[in-house]
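# Structural description and commentary
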Amino acid sequence: MHYLDNGATTPLCPQVKEAILTGMEQFGNPSSLHGVGLSAELQFREDAQVIREALGGDPKGKLLFTSGGTEANNLCLQGAARALRRRGDKLLVSAVEHASVLDTAKALEKEGFTVEYLPPESLTPEGVAQRADSRTILVSIMYMNNETGNLYPVTDIAKAVKRKAPQALFHSDMVQSFLKAPVKLKNSGIDFASVSGHKLHAPKGIGALYMAPGTRLHPLFYGGGQQGKTRPGTESTLLAHGFAAAVKAAQASQEQSAQHAAALNRLLHEQLQGVEPVVFNTQGEASPYTVNLSVPGIRSETMLHFLEARGVYVSSGSACAGGALSHVLAAYGLPAERIDSALRVSFSRMNTEEDVLALTQGIKDGIASLARKGRKA
């Protein structure tokens, strides 16, 4: 199997499997007032500290565990907007965000909030700050795009926004970029950051939201005092422990992993250079971990199944989109034929050159076979 869809999810790494097995012995409820509960609570706090420190967060900041990136984004946007409503009613959101941000923003519009959706060409410090005003209470711009791998200068943007509109808070979806692109949240101007475990070889069902000191959110749920009452419910200590183990493993190999991803990225480009009609959609400053390309004339779904039959797995974009045409590529102004034939290739440190060669050969074979069938039809 040649799995190159790590932007959707990643396999568990050995360190996480070991952490989960040992963590099963730590079964206590962190809210229990006896020794077993206290032991679980101490482990839970330690795991939160691992992730907060990996984000370069302020030691006085909070880290709330969630069920994943989608919940973290919802908790931040809904919770911050409602908590800040007396200050203003305007949100700035990039047009290339994950659906969990865009759909939440649309829901907030129905509550009376005003949302401005910023095109990708305006995602610069000057471009975003220009849109901020005295009514702006929250800005949400992702660090790394989940479909193209494009990187946006979120710390520079956040600081520019704060100079223009000091009352505005800044959120960044860092689900794809966490430990793949450098970040230090303390004094960055970023108030909230969302991350997710299963993009880093941790289990599905665990994510986190970082909150800078002095920030607050209205909770989405009620019924318990856990995590400062902001995200109540019995904490998933086992999944949090697996997430922390994944973070430690990623930190230990962060530089080598980035170099490895860059080498695989170069190999992919070299193998498909000059191959008609392949065109690369990822342009400009981008992470080496993600490549978006199109094979115009062959629909994404058709090529995906062709590759799958050969044991090669990629995607047509965000797994959460359910096969819908990419709003990200549309925001970048790409023609419909390129959007309809787009493929997303996403690497992890577990991938090999053999995976890339299997993919590129599969694409070449697919072009020859599927184009021929198209001509006969």
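Attention now goes to the domain arrangement of the protein. What the domain assignment lists for the protein is domain 1 (2-8 + 253-376) and domain 2 (14-251). Put simply, the middle of domain 1 and the middle of domain 2, counted by C-alpha atoms, are 28 Å apart. Taken together, the contact between domain 1 and domain 2 spans 26 residues of the former and 26 residues of the latter. At the boundary of domain 1 with domain 2, total buried surface from both sides reaches about 2,400 Å², with 49% on carbon and sulfur atoms. For the domain 1 face of the interface with domain 2, the top three residues by lost area are Gln254, Tyr332 and Arg349, together amounting to 23%. Connecting domain 1 to domain 2 are zero salt bridges. There are 19 residue pairs in polar contact (both at pLDDT 80 or more) connecting domain 1 and domain 2.

A few words now on the sheet that holds strand E9 (residues 279-280). Within the open sheet, the three strands sit side by side as E9-E10-E12. Their pairing is antiparallel. Each edge of the open sheet is held by one strand with a lone partner, namely E9 and strand E12 (342-346). Both E9 and strand E10 (residues 290-294) contribute to a ladder of two bridges, which runs antiparallel. Within E10, the position partnered with Phe280 by the bridge is Leu293. Across the sheet, helix H8 (residues 254-272) touches E9, E10 and E12, and the angle it forms with E10 is around 15 degrees.

Scoring rules and cut-offs
- Residues numbered from 1 in each chain as written.
- Predicted model: local features only at pLDDT ≥ 70, side-chain atom pairs only at ≥ 80, totals over all residues.
- Heavy atoms only, no water.
- Domains from an automatic or database assignment.
- Contact = heavy atoms within 4.5 Å.
- Buried area = accessible area lost by both parts, 1.4 Å probe.
- Salt bridge = Lys/Arg side-chain N within 4 Å of Asp/Glu carboxyl O.
- Polar contact = N/O pair within 3.5 Å; in protein donor to acceptor, adjacent residues only side chain to side chain.
- Pairing = 2+ DSSP bridges.
- Helix = DSSP H or I, 4+ residues; strand = E, 2+ residues; numbered from the N terminus.
- Axes fitted to C-alpha atoms, helices over the stretch in contact; angles between N-to-C directions.

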